[in-house]
Amino acid sequence: IDRAGRGGEAGEGSKPYEFGDPLAIDLRATLDEALRRPENGPGRRPAGDRPVLRLAASDFQVRRTEELTRSATVLLVDMSRSMLLRGCFLAAKKVAVALDTLIRTQFPRDRLAVVGFAYYAREIRPETLAELSWHGFEYGTNLEHGLALARRILAREPGANRSIIVVTDGEPTAHLEGGQVEFSYPPTRRTIEATLREVLRCTREGITINTFMLERSRALAEFVAEMTRLNRGRAFYASPETLGEYVLVDFVSRRTRKVS
């Protein structure tokens with residue numbers, strides 16, 4: 001988030017108290033500050049008097065905190081036949097399982113949904129991720145339907161940082177028209193435009209789209225560049241071997257913010 005918050009998880013450091021800070025007083029640091037002032041020095045106390053420590057407002061130190069933001073994420077996994085033939089789907093499935101485990105164990109307040117998309121899109125229950133096989137693979141890359149389904153899922157998560165992670169190896173080749181799937185390879189201009197319209201809907205609703213491309217084709221790069229321009233998300237080239245590292249590090253690095 002782009003603003004400082006109050007409270008959250010206590011950090012290891014401390015800071016001078018400022019009006020409005022939670023009174024999470026760091027007693028050791030506060031006493032250290034008081035003892036540094038001359039009036040609390042040993043030579044300033046009369047012999048035989050009971051030790052007295054005088055505190056000033058400037059002595060008080062409070063613990064720094066990390067504000068934990070609540071996030072809702074939809075992982076969009078390309079399940080088209082090309083993902084299987086290029087050896088990409090196994091890596092994507094491992095990422096989905098790892099991301100689900102990470103969120104359940106480390107960030108239980110967050111929400112992760114997984115959506116597979118090919119000829120059409122469908123939500124996948126996290127507990128069934130490990131059992132996914134190639135038998136469900138289809139022709140087509142219906143990213144428009146995937147984004148629309150992800151947007152509906154995220155609409156149920158008000159107040160959270162909402163994002164979509166797309167893992168794909170090709171540009172869109174299918175979209176919905178009149179409730180029916182229209183498929184074409186090479187993709188038609190109508191498919192590209194329909195998908196970009198859905199990107200704009202996500203953008204208007206404050207949803208960030210980050211894309212991991214598993215293929216360096218010119219057509220995919222040009223499409224993702226336009227999608228990123230419209231949404232102001234991020235795009236990454238990744239190989240199946242490094243996909244998991246990129247996705248997980250990206251997710252974790254955006255979870256906390258130091259409050260000063």
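Structure: see above.
Below you will find a few notes about this structure. Everything numeric in this text was worked out from a predicted model, so none of it was measured. (Residues numbered from 1 in each chain as written. Predicted model: local features only at pLDDT ≥ 70, side-chain atom pairs only at ≥ 80, totals over all residues. Heavy atoms only, no water.)

1. Looking at the packing of aromatic side chains
Here the structure, examined in full by the defined rule, presents one aromatic pair. Between Phe212 and Phe236, the aromatic rings sit 4.9 Å apart at their centres with planes inclined by 15°, giving stacked as the arrangement. Note that Phe212 is positioned in strand 9 (residues 208-213) and Phe236 in strand 10 (residues 234-237), a separation of 24 residues in sequence. Classification of Phe212 by relative accessible area gives buried; the value is 0%. In this arrangement the basic side chain of Arg81 is found over the ring face of Tyr139, its NZ or CZ atom lying 4.9 Å from the centre. Positioned over the ring face of Tyr237 is Arg216, at 4.4 Å from the centre of the ring. (Phe/Tyr/Trp six-rings, centres within 6.5 Å; stacked < 30°, edge-to-face > 60°. Helix = DSSP H or I, 4+ residues; strand = E, 2+ residues; numbered from the N terminus. Buried < 20%, exposed > 50% of the residue type's maximum accessible area, 1.4 Å probe, protein only. Lys NZ or Arg CZ within 6 Å of the ring centre and 35° of its normal.)

2. Side note on the sheet that holds strand 10
Pairing between the strands of a sheet comes from backbone hydrogen bonds, and it takes one of two forms, parallel or antiparallel. Strand order in this open sheet of six strands is 5-4-3-6-9-10, and the pairing throughout is mixed. Single-partner strands in this sheet number two, and they are strand 5 (121-124) and strand 10. Across this sheet, the average inter-strand angle for adjacent strands is 20°, counted without regard to direction. In this sheet, strand 4 (residues 111-117) lies alongside strand 3 (residues 71-78) in parallel orientation, the contact comprising seven bridges. Note on strand 4: the bridge partner recorded for Thr73 is Leu112. Running at roughly 165° to strand 3, helix 3 (residues 89-106) makes contact with strand 3, strand 4 and strand 6 (161-168) of the sheet. Those strands touched by helix 4 (residues 143-154) are strand 3, strand 4, strand 5, strand 6 and strand 9, and its axis lies near 160° from that of strand 3. (Pairing = 2+ DSSP bridges. Axes fitted to C-alpha atoms, helices over the stretch in contact; angles between N-to-C directions. Contact = heavy atoms within 4.5 Å.)

Nothing here speaks to function; it is geometry throughout.
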